[in-house]
Amino acid sequence: MRCCPPGSTKLTHHPHHPEKTSFCGRGSLNCSQVKDTIRKLDERVDSAVPRPLRLVVAALILREGAGGTEVFICQRKADQPMSLKWEFPGGKIEPGEGPEEALMRELNEELGISAIIGRRVAQIRHKYRNGGAVDLQFFIVKEFHGPLENRIFNDMRWAPLSTLPEYDFLAADLGLIRDLSEGKLL
């Protein structure tokens, strides 16, 4: 006689051995075996549902400062994913947009500027531990119109290229940060 209908699961605890658990009377499993089985099922679900590659553009807004070339950097707010990490302004490429068009839109939305997008200087593909992946394209911006307004960030500032490693940047940006600070990219 079945303890539950076919295709369903029922978890019961052994009355004299609480550390043992049964699935529909098909033998006993201890708690670690149950947890291991559930973990393996979760891994299969995670790997079976691929996460889409996010296409992202970012600006290296440059100016000449007293100590050499400076780049404009922004810090995420505390309530955002990857909170309080530093990044370069920019964002997702929307369907139907080219990278330069998306960057112009993002810079207007985030900083209130109308930017002239220069050449692409780097493209990075980064996989995060959670399984997500991002394709980042970085463009030079040396000219823009309008004052820089903080519309979405916790903080924003001009930073000399050599000081970039002192900031807590997003993981996807770290290789670029190293190259910029060592004078290898520009």
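Counting from 1, residues in each chain are numbered in the order their sequence is written. Side-chain atom pairs in this predicted model are given and counted only at pLDDT of 80 or more, local residue features only at pLDDT of at least 70, and totals for whole chains, interfaces and linings cover all residues. Just so you know, side-chain values use all the structure's heavy atoms and leave hydrogens and water out.

## Some remarks on helix H2 (residues 99-111)
Turning to step 1, where the next piece is worked out: The end-to-end C-alpha distance of H2 is 18 Å, a good match for the 18 Å that 13 residues give at a rise of 1.5 Å each.
Turning to step 2, where the next piece is worked out: All of the buried residues along H2 are Ala102, Leu103, Glu106, Leu107, Glu110 and Leu111. Along the long axis of H2, the arc covered by the buried residues comes to 130°, so they all point the same way.
Turning to step 3, where the next piece is worked out: In this description, contact between two residues means that some pair of their heavy atoms is separated by no more than 4.5 Å. Per the convention used, a helix needs a DSSP run of H or I reaching at least four residues, while a strand needs a run of E reaching at least two, with both numbered from the N terminus. On the buried face of H2, the contacting elements are strand S4 (53-65), strand S5 (68-75), strand S7 (90-92), strand S8 (114-127), strand S9 (133-145) and strand S10 (155-160).
Turning to step 4, where the next piece is worked out: Within two residues after H2, glycine 112 carries a phi angle of roughly 70°, on the positive side. What a helix is expected to span follows from its residue count: subtract one and scale by 1.5 Å. With a 1.4 Å probe rolled over the protein chains alone, any residue whose accessible area is under 20% of its type maximum counts as buried; one over 50% counts as exposed, and the rest are partly exposed. What the arc measures is the spread of directions leading from the helix axis to the C-beta atoms.

## Looking at the pattern of salt bridges
Turning to step 1, where the next piece is worked out: Salt bridge, as used here, is a side-chain nitrogen of Lys or Arg placed within 4 Å of a carboxyl oxygen of Asp or Glu. A full pass over the atoms with the stated rule returns 11 salt bridges.
Turning to step 2, where the next piece is worked out: In this structure, glutamate 109 engages arginine 105 in a salt bridge whose closest nitrogen and oxygen atoms are separated by 3.3 Å. Residue glutamate 109 and its partner arginine 105 are both found in helix H2; the two are separated by 4 residues, about one turn of the helix.
Turning to step 3, where the next piece is worked out: Look at glutamate 109 and you get partly exposed, because its relative accessible area is 43%.
Turning to step 4, where the next piece is worked out: Residues joined by salt bridges that share partners form a network here, namely Glu97, Arg105, Glu106 and Glu109.

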